[in-house]
Amino acid sequence: MRKGDLCNARQAVLLYALFSYAQVLIVTDQQIHLPEPIIIPRSEHRISRANISDNALKVLYRLKNAGYEAYLVGGGVRDLSLGREPKDFDVATDARPEDVKNLFRNCRLIGRRFRLAHVHFGPEIIEVATFRALHDGGDEGEERVIEDGRILRDNVYGTLAEDAMRRDFTINALYYNIADFSVVDHAGGMADLESGEIRLIGDPQVRFREDPVRMLRAVRFAAKLGFRIHPDTADPIPEMAELLEHIPAARLFDEILKLLMAGAGVETFELLRHYGLFAPLFPQTEESLRNEQDSTSGMFIAQALKNTDERIAEGKPVTPAFLFAALLWPALQQRLRVMMEEGLSEPQAYQEASREVLAEQVQTVAIPKRFSMPMREIWTLQQRFERRNGRRALRMVSHPRFRAAYDFLLLRAQVGDAPADLAEWWREFYEGSEAQRQHMVDDSSPRRRRRRRRRRSPKASESSD
Ligand code: ATP
Ligand code: MG
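Residues numbered from 1 in each chain as written. Chains lettered and ligands numbered in written order. Predicted model: local features only at pLDDT ≥ 70, side-chain atom pairs only at ≥ 80, totals over all residues. Heavy atoms only, no water.

Caption draft 1: Layout of the packing of helix H8 (residues 213–225) against helix H11 (residues 249–260). Relative to each other, H8 and H11 sit at 10°, their axes nearing to 10 Å. One way to sum up the angle between H8 and H11 is to call them roughly parallel. On H11, the residues that touch Val213, Leu216, Arg217, Val219 and Arg220 of H8 are Arg251, Leu252, Glu255, Lys258 and Leu259. Split into classes, the residues belonging to the contact of H8 with H11 amount to 5 nonpolar, no polar and 5 charged. (Axes fitted to C-alpha atoms, helices over the stretch in contact; angles between N-to-C directions. Helix = DSSP H or I, 4+ residues; strand = E, 2+ residues; numbered from the N terminus. Parallel < 35°, antiparallel > 145°, perpendicular 65-115°, else oblique. Contact = heavy atoms within 4.5 Å. Nonpolar A, V, L, I, M, F, W, Y, C, P; charged D, E, K, R; others polar.)

Caption draft 2: A look at the pattern of salt bridges. Following the criterion strictly, the structure yields 25 salt bridges and no others. Residue Glu310 pairs with Lys306 through a salt bridge whose shortest N-O separation is 3.5 Å. Note that Glu310 and Lys306 are positioned in helix H15 (residues 296–313) at a spacing of 4 residues, about one turn of the helix. Overall, Glu310 belongs to the partly exposed group, its relative accessible area being 37%. For Lys306, a relative accessible area of 40% gives the class partly exposed. Taken together, the salt bridges that share partners define one network made up of Asp192, Glu197, Arg199 and Arg228. (Salt bridge = Lys/Arg side-chain N within 4 Å of Asp/Glu carboxyl O. Buried < 20%, exposed > 50% of the residue type's maximum accessible area, 1.4 Å probe, protein only.)

Caption draft 3: A look at the side chain of Arg220. Relative to the elements of secondary structure, Arg220 occurs in helix H8. Although Arg220 lies buried, it forms no salt bridge, and the closest oppositely charged side chain, Glu255, sits 4.2 Å away as judged by the N-O distance. Not counting the four nearest positions on each side in its chain, Arg220 is found in contact with Lys87, Glu255, Lys258 and Leu259. (Lys, Arg positive; Asp, Glu negative; His and termini not counted.)

Right, here's the structure in full:
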């Protein structure tokens, strides 16, 4: 080796050492000194106490008066900054859950994964969360559990700055300080609110792995606010979407309600499919949508979501049973076809296919019985609409699930999945007077009616469902 080479080698080693040290410094710096926040004074933001619920204010003030830090955080700050009405109000504080409980008589501690205080005021619940620390602390014992990069439990407490860094999106990490009415912005959330962007805090891959539900939340906020998902946040989603398979089915059910029953269902459905997030939630439906020649099923689901969005906009009630029945209808139909080809009667096929579709669906998304029962009824009543002779139609309208099943039929007819004249007949029948109904029944297929009457034994029941 020549002298010059040695010199170069030494320089290289030195440079490498310096570079590694600098990296350590950067990492250490991130862990210890978080970036200075931007403080936006009262005069420069849109959040006014007039728009915060009295109960949330009560909680904030009582915490402050007891000597704790207290901030409104999350959707409340985000939505008020955009001039929208928040769905609920969340509070962040340095008080421990037990301290919060001692301050409020109407307080319950909930959650194992994230221990939280719920302060109850009649139907309104103010959620109070203690600042959480970042993820690289020392001996955490049982309080923080991470498995395959996924956070299973997180009850290590920290500072506001740390708490901000472990929230999901920059626009969800704004803190309204009740002490001086300023907004504390650690992650550049205000700028993203202004430019209309959903951006994860930190490394998107790491943050999605920690909690794959964040992918669904990105879509939810993008659809609800009409924002764009920043490319850095959006790009890893399609390849990480399958991580949703590891999320407990009950949590996914709750998330789907928030996604599809919040008034922007149509956009949300499109975004979910665009990012490959619909498949892990509704695998059977995804398969039916992919297999079908025409696009009736896609149109049917979109129409169901459009109706739901419209009802929500008009303040009318919506039921998850109806929407879930619509979301799984394409999958049910595919199964029905196969079963009837195999020789099952139509009512039998409806029973069996409904059972199978639901049994498979609840493996990914838990559908509580109070919704799956009416779903089955909505489905099985569909075939009974076609048989309206005799007193059947009269009996149908008095079925407790008639209205939902009838709305479902109208929806099907809208996209050509049921005959338009059948839907029209039922509309007339449903809206008609007693006399008109009787007349329509007498009119419908008198020849078959006579034949049935002769054949029927006194005890024969009409339908098996
Ligand atoms: P909305 O209540 O309108 O649905 P939100 O942003 O308030 O929206 P919540 O589910 O109420 O959503 O959560 C409150 C806050 O908690 C969020 O704004 C965010 O800061 C934080 N958060 C919620 N879920 C997560 C998550 N999975 N990962 C990280 N932070 C989260
Ligand atoms: Mg909220």
